[in-house]
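Structural description and commentary
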Amino acid sequence: MAQTVRGFRDIMEPDAAAFAELEARCRALFRLYGYGEIRLPTVEQRELFVKSTGDTTDIVEKEMYAFEDAGGRMLALRPEGTPGVARAYIENGLPAKDLRQKLFYIGSMFRAERPQAGRYREFEQIGAEYIGNPDPSADAETMVLLAALLKSAGVKEIRLEINSIGCPQCRPAYKQALLDYLKANLDSLCDNCKKRVERNPLRALDCKTDGPKLAAGAPPMKYCPDCDAHFAQVREHLKNAPLAFNVNPNLVRGLDYYTRTVFEFRAAGIGSQDAIAAGGRYDTLIKSMGGPDVAAVGWAMGADRVLAAAASGERAAPKPEVFVAAADKTAAPKAFQILQFLRGEGLRADAAAFSQSLKSQMRAANKSGARFAAIIGEREAAEGTVTLKDLAPGGQEKTVSPREAADLARRQLQDGLKAS
Ligand code: ATP
Ligand code: MG
């Protein structure tokens, strides 16, 4: 029997509805903050990620689904969204229209990681990129937006950690100091970090194996005056938002393109994969890709983890409100018409096979969890009426016009909502 591939999942109701609702909430908030949507291709040139995400990152080194297509092109399933957005910004000539662009995306990302709870090989990211605003208020705004999204999604407890990793002026000195420290502690590095320490010492602090213990003794970052002032203003804006945060001097991110601000949101109660969103500033990426010298800041949120953190109680699959049944074959055309009429009235209406006995159709109605059955028999078909039966215990039935039936059902469903 055919099966899903390891690390890949079917997402079924009620989870599928939860994803759709999260996406809808995000779209509404993005609009409020002035973001437009970008639908990115799933497949990009492999080079795009090697050059932007970075060839010494876990994502590119170990996790990327890269392949050669029949035309001999080296391609990859996108492991993250930012490089694609930066490419699209340049390729579509957006800078000529306005250097400043606010873009969001929603879609699957692919990483060949070890599957476990909260870690999948295809997962959904919802991401935002604010291009063309170097001001510290842009950093703060993206974090405030993310916090608002998480709140709207029902994530109750969030922790925000921030740091600045400096710029091409002040980072080299820090990198050197860090490299000296790591070389002195080479024995405590994992094999992978030993290999890449020379090329990218920062990566060791983000290592899942030895990062935390190395971070404790690592030398502090020394910022140039501009980076120092920028970071101070980001903190100031967050305080005024207000949005609570912690400065974590050892927070670096697993991607190469970040400059200055980096941040991570964690949630309580979802186990060890508790990073639900992360991002930072990337002021040099777009220029390095052949675009204009334009600053940018953004983040990506893991929708799967956000929904896990937001799950409170059971999610219920949506039930029909009215179940339409035809008492005999001649009533089927009328029943089909009523079904469409009820949906047109905004009622969730469904039906089974009209050719079944009324008894089986009523069994299906009860099984569906619908509150009402709308039964059309010979008499109803002739009169143009419908018998609306309340399926709740002790419920009444009434033969009325389709419009009255819709009004009646709607009224009682609303009363039920008020009572509960
Ligand atoms: P982690 O440290 O958990 O590996 P990351 O640093 O690789 O996360 P990012 O690349 O910053 O993650 O992606 C942003 C968000 O996407 C993460 O905070 C997380 O919520 C989500 N995410 C990343 N990888 C996965 C995955 N394999 N499965 C589900 N969600 C993921
Ligand atoms: Mg990862």
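Residues numbered from 1 in each chain as written. Chains lettered and ligands numbered in written order. Predicted model: local features only at pLDDT ≥ 70, side-chain atom pairs only at ≥ 80, totals over all residues. Heavy atoms only, no water.

Looking only at helices and strands, the protein chain features 17 helices and 16 strands. Its C-alpha atoms give the protein chain a radius of gyration of 28 Å, clearly above 22 Å, the size a compact globule of 420 residues would have. Based on the C-alpha atoms only, the size of the protein chain along its principal axes is roughly 90 × 50 × 45 Å. Counting only residues that meet the buried cut, the protein chain has 48% of its 420 residues in that class. Side chains of the protein chain give 58 positive and 54 negative charges; the mean places of these two sets differ by 2 Å. (Helix = DSSP H or I, 4+ residues; strand = E, 2+ residues; numbered from the N terminus. Rg over C-alpha atoms; globule rule 2.2 N^0.38 Å. Buried < 20%, exposed > 50% of the residue type's maximum accessible area, 1.4 Å probe, protein only. Lys, Arg positive; Asp, Glu negative; His and termini not counted. Charge placed at Lys NZ, Arg CZ, Asp CG, Glu CD.)

Burial runs high along helix 13 (residues 303-310): seven of the eight residues are buried. Buried positions along helix 13 lie against helix 1 (15-32), strand 6 (122-131), helix 6 (136-152), strand 9 (259-267), strand 10 (275-281) and strand 11 (296-302). (Contact = heavy atoms within 4.5 Å.)

Our next topic: the packing of helix 1 against helix 6. Put simply, helix 1 and helix 6 touch, their axes get as near as 10 Å, and they point 145° apart. Remark: the crossing between helix 1 and helix 6 carries right-handed chirality. Listed contacts from helix 6 to R25, C26, L29 and F30 of helix 1 are L145, A148, L149 and S152. Among the residues forming the contact of helix 1 with helix 6, the class breakdown is six nonpolar, one polar and one charged. (Axes fitted to C-alpha atoms, helices over the stretch in contact; angles between N-to-C directions. Left-handed = near helix turned anticlockwise from the far one by under 90°. Nonpolar A, V, L, I, M, F, W, Y, C, P; charged D, E, K, R; others polar.)

Turning our attention to the packing of aromatic side chains. The full count for this structure, using the stated rule, is nine aromatic pairs. Aromatic side chains F30 and W299 sit 6.0 Å apart centroid to centroid with 20° between the ring planes, which places their arrangement in the stacked category. Taken together, the residues span a long stretch of sequence, with F30 in helix 1 and W299 in strand 11 at a distance of 269 residues. Members of the aromatic cluster, joined through ring pairs, are F30, Y35, F104, Y130 and W299. (Phe/Tyr/Trp six-rings, centres within 6.5 Å; stacked < 30°, edge-to-face > 60°.)

It is worth spelling out the site of ligand 1 at this point. Close to ligand 1 lie 16 residues; R111, E113, Y120, R253 and A275 are nearest. One nitrogen or oxygen atom from the main chain of Y120 is found 2.9 Å from a nitrogen atom belonging to ligand 1. Its free accessible area being 590 Å², ligand 1 has 91% of it covered by the protein chains. For the shell around ligand 1, the secondary structure elements donating two or more residues are strand 6, strand 10 and strand 11. At four residues, the largest contribution of residues to the shell around ligand 1 is made by strand 10. A class-by-class count of the residues in the shell around ligand 1 yields seven nonpolar, three polar and six charged. (Near = heavy atom within 4 Å. Polar contact = N/O pair within 3.5 Å; in protein donor to acceptor, adjacent residues only side chain to side chain. Areas by Shrake-Rupley, 256 points an atom, 1.4 Å probe, with all protein chains shown as cover.)

Quick look at unusual backbone geometry now. The bulk of non-glycine residues show a negative phi, and the bulk of peptide bonds are trans. Note that the residue after E13, namely P14, is joined by a cis bond; omega there is 5°. The backbone of R260 shows a phi angle near 55°, a positive value even though the residue is not glycine. Checked against the element boundaries, R260 lands in strand 9.

Our focus in this paragraph is the domain arrangement of the protein chain. According to the domain assignment, the protein chain contains domain 1 (15-170 + 223-310) and domain 2 (322-413). Its C-alpha centre places domain 1 at a distance of 49 Å from the equivalent point of domain 2. (Domains from an automatic or database assignment.)

All right, on to the layout of surface pockets then. Computed from the structure, the second largest pocket encloses a volume of approximately 320 Å³. For the second largest pocket, the lining is made up of 15 residues, of which A18, E21, A153, L307 and R315 are closest to its centre. When residues of the lining of the second largest pocket are traced back to their parent elements, those giving at least two are helix 1 and helix 13. When its residues are assigned to classes, the lining of the second largest pocket shows nine nonpolar, three polar and three charged. (1 Å grid on protein atoms, 1.4 Å probe; cavity = no way out; pocket = protein on both sides within 12 Å on 5 of 7 lines; lining within 4 Å. Points joined across faces, edges and corners; volume = space filled by probe spheres on them.)

A few words on the pairing of strand 6. Looking along a regular strand, one sees side chains alternate from face to face of the sheet. Among the 10 residues that make up strand 6, nine are buried, leaving the element largely enclosed by the rest of the structure. Strand direction decides the pairing type here: strand 5 (residues 101-110) and strand 6, joined by 10 bridges, are antiparallel. In the strand pairing of strand 6, K102 is matched with Y130. (Pairing = 2+ DSSP bridges.)

With respect to topology, five strands assemble into an open sheet ordered 13-12-14-15-16, the strand pairing being mixed. On the outer flanks of this sheet lie strand 13 (349-351) and strand 16 (397-400), each paired with one strand and no other. Each neighbouring strand pair of the sheet contributes to a mean axis angle of 25°, computed without reference to strand direction. Taken together, the five bridges between strand 12 (residues 322-326) and strand 14 (residues 372-376) define a ladder with parallel strand orientation. In the sheet register, V324 faces strand 14, and the bridge partner there is A374. Lying over the sheet, helix 15 (residues 358-368) contacts strand 12, strand 14 and strand 15 (386-390), oriented at roughly 175° with respect to strand 12.

Closest axis-to-axis distance for the helix 6/helix 11 (residues 225-240) pair is 8 Å, and the angle between their directions is 40°. Judged by the inter-axis angle, helix 6 sits oblique to helix 11. When you trace helix 6 past helix 11, the crossing you get is right-handed. Residues P136, S137, D139, A140 and M143 of helix 6 lie in contact with helix 11, whose contacting residues are H230, Q233, V234, H237 and L238. Of the residues that constitute the contact of helix 6 with helix 11, the class distribution is five nonpolar, four polar and one charged. (Parallel < 35°, antiparallel > 145°, perpendicular 65-115°, else oblique.)

For the rest of this paragraph, the subject is the nonpolar core. In globular proteins that are soluble, nonpolar side chains generally tend to be buried together. Counting residues in hydrophobic clusters, the biggest one holds 47 residues, and the most contacted among them are I131, L178 and L182. Among the secondary structure elements, those contributing two or more residues to this core are helix 4 (82-91), strand 5, strand 6, helix 7 (171-184), helix 9 (202-205), helix 10 (211-217), helix 12 (285-288) and strand 11. Excluding residues within four positions of it along the chain, L182 makes contact with L189, V197, P201, A204 and L214. Core analysis: the second largest hydrophobic core is formed by 42 residues, I106, A153, V234 and L243 among them. (Core = buried A, V, L, I, M, F, W, Y, C linked by side-chain atoms within 4.5 Å.)

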